[in-house]
Amino acid sequence: MGIHIPYLTSKTSQSNVGDAVGNADSVEFNSEHDSPSKRGKITLESHEIQRAPASDDEDRIQIKPVNDEDDTSVMITFNQSLSPFIITLTFVASISGFMFGYDTGYISSALISIGTDLDHKVLTYGEKEIVTAATSLGALIISIFAGTAADIFGRKRCLMGSNLMFVIGAILQVSAHTFWQMAVGRLITGFGVGIGSLIAPLFISEIAPKMIRGRLTVINSLWLTGGQLVAYGCGAGLNHVNNGWRILVGLSLIPTAVQFTCLCFLPDTPRYYVMKGDLARATEVLKRSYTDTSEEIIERKVEELVTLNQSIPGKNVPEKVWNTIKELHTVPSNLRALIIGSGLQAIQQFTGWNSLMYFSGTIFETVGFKNSSAVSIIVSGTNFIFTLVAFFSIDKIGRRTILLIGLPGMTMALVVCSIAFHFLGIKFDGAVAVVVSSGFSSWGIVIIVFIIVFAAFYALGIGTVPWQQSELFPQKVRGIGTSYATATNWAGSLVIASTFLTMLQNITPAGTFAFFAGLSFLSTIFCYFCYPELSGLELEEVQTILKDGFNIKASKALAKKRKQQVARVHELKYEPTQEIIEDI
Ligand SMILES: O[C@H]1[C@H](O)[C@@H](O)[C@H](O)[C@@H](O)[C@H]1O
């Protein structure tokens, strides 16, 4: 693999980043050093990058706080190629993303081909809604608890638990002859989806080297959108097959079985082992992840993770959970992380993407395309392709930048759709679309094109970035923090799915799209003021940024600096020397 991770050691302070923001234009690293053989030192306001005595640690750079009381964060990353072990862990964890996409994707075609297979009658519209929403409801319920479970039982065991849910859910559905068995099956599948949607990105972000953490986490989103695409593809293929929907559901057992089997042979994350005090296993996993790195450095990394792992006080689990919840809300950096994490997840759902995916079939039919499955494939294919674009840009261009390209793009596309709907004169009678104007379908084509444009901007930014949520929270509140954010996602998905048709009827499609455009616009403002650039920063470093504000400018400066440091280390064949430190 051609990706190399430079080895840097750093210490950061949680103090005074806000000062740095106050006059952020002047945020820069200044270099000073005693003598080439002794120490190099670079300062970002309150931060100092210090070089340890050359004799014992020639290739080490430290970012040290001015105020030692604030010495809360210590970081080591490694200088080596991305190891096959990390790649394997990422791909195995990402199967959860595939299950998320597949299970939320297959239902629309399954509902078409189900016919009278349940209770010997055609499902009513309300029953169809329940079967569809059951998975989101299950995911919402379980995501409230999954973060805590991940801290108690481990990330890996939770993923394996989700596999069990997928199996039970799929068996109930495949064998269903009544509506209620199907609905319960979907609910249990939702438990699996909810656990996977939270734990997989958490797992990946905890094992990922910082400079490509964004990318590795996007692999999960790629599998997710790929899963939706495969579900639509299989759905279209099995549409006219007798009991094809049972095959469609049954197919989901394959990835689940693969993930469960692989997880039997793979470990949990080093950060989880440190939380449990199992330093031997943490060391072992780090050694397997960073094969080119010396034992001494691995030991130091473990020591550092231990330093950072200040556990939450409490005599028993409920007390600890309660204290964690308190800490999440009362520590300002945690609260900011929560606002950003839940805010982005809410934006992802409330800007209407999922309802649009559902609705696109009807739109395309109104302009003459009869095969709505094919249409869904085009829209979800665009979602997949632009998630791939996000994969290449998220660490290089940065999360904030792609969000701030994506959201205005979505706003523009939604405004155009709203105008086009106004002129197309489409109305809704129940779930059935009625085109008022006849014959002329140019506005319909405009709608199709801009729905695809919307999908592209969505996938590039807000479809992908919120799942980076784990990086916002420090270790001790990460489980619960990501639970809140994930629950916000599923709550949003549930609300939108159950109100979309009512909105179309009551405020017209033009009004609905204008409403989503308004929300996209407001979301752009939210991200502009509240979402700092986190690419290239250590998980622990993010707290420094959020300590006394959203610190957008300081975050951009720090992210840029991290990239420059790594680039310099690359140039000099991964050997950070005195010149680099003087240069930075
Ligand atoms: O990130 C994903 C992705 O964008 C999917 O296409 C969407 O259906 C999900 O709701 C979302 O969480």
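Heads up: these notes are all about the structure in this document. (Residues numbered from 1 in each chain as written. Predicted model: local features only at pLDDT ≥ 70, side-chain atom pairs only at ≥ 80, totals over all residues. Heavy atoms only, no water.)

1. Overview of the overall build of the protein chain
And step 1. The secondary structure content of the protein chain amounts to 21 helices and 10 strands.
And step 2. The burial tally for the protein chain puts 59% of its 584 residues in the buried class.
And step 3. By element, 64% of the accessible surface of the protein chain is carried by carbon and sulfur atoms, the whole surface being about 21900 Å². (Helix = DSSP H or I, 4+ residues; strand = E, 2+ residues; numbered from the N terminus. Buried < 20%, exposed > 50% of the residue type's maximum accessible area, 1.4 Å probe, protein only. Areas by Shrake-Rupley, 256 points an atom, 1.4 Å probe, with all protein chains shown as cover.)

2. Topic: helix α12 (residues 317–330)
And step 1. The terminal C-alpha atoms of α12 lie 20 Å apart, and with 14 residues this matches the ideal 20 Å at 1.5 Å per residue to within 8%.
And step 2. Of the residues making up α12, those classed as buried are N323, T324, E327 and L328. Looking down the long axis of α12, one finds its buried residues gathered within 145° of arc, a one-sided arrangement. α12 presents P318, W322 and T330 as exposed residues on the side facing more than 90 degrees away from its buried surface.
And step 3. For α12, the secondary structure elements touched by its buried residues are α13 (332–350) and α18 (475–530).
And step 4. The N-terminus of α12 is capped by N316, whose side-chain oxygen sits 3.0 Å from the backbone nitrogen of E319. (Expected span 1.5 Å × (residues − 1). Arc of directions from axis to C-beta. Contact = heavy atoms within 4.5 Å. Polar contact = N/O pair within 3.5 Å; in protein donor to acceptor, adjacent residues only side chain to side chain.)

3. What about the packing of helix α10 (residues 279–289) against helix α11 (residues 295–308)?
And step 1. The N-to-C vectors of α10 and α11 enclose an angle of 130°; their axes lie 10 Å apart at closest approach. Viewed along their axes, α10 and α11 adopt a mutual orientation that is oblique. The crossing of α10 and α11 is right-handed. Residues L279, A282, T283, L286 and K287 of α10 touch α11, and the partners they reach there are E295, I298, K301, V302 and V306.
And step 2. Of the residues assigned to the contact of α10 with α11, the class counts are 6 nonpolar, 1 polar and 3 charged. (Axes fitted to C-alpha atoms, helices over the stretch in contact; angles between N-to-C directions. Parallel < 35°, antiparallel > 145°, perpendicular 65-115°, else oblique. Left-handed = near helix turned anticlockwise from the far one by under 90°. Nonpolar A, V, L, I, M, F, W, Y, C, P; charged D, E, K, R; others polar.)

4. So, the pattern of salt bridges
And step 1. Under the criterion given, the structure shown has 12 salt bridges.
And step 2. With a shortest N-O distance of 3.0 Å, E127 and K121 are connected by a salt bridge.
And step 3. On the basis of relative accessible area, E127 is assigned to the buried category, the value being 15%.
And step 4. The residue E327 makes a salt bridge to K476 at a minimum N-O spacing of 3.0 Å. One end of the pair, E327, is in helix α12; the other, K476, is in helix α18, with 149 residues separating them in the sequence.
And step 5. When its relative accessible area of 18% is taken as the criterion, E327 is described as buried. (Salt bridge = Lys/Arg side-chain N within 4 Å of Asp/Glu carboxyl O.)

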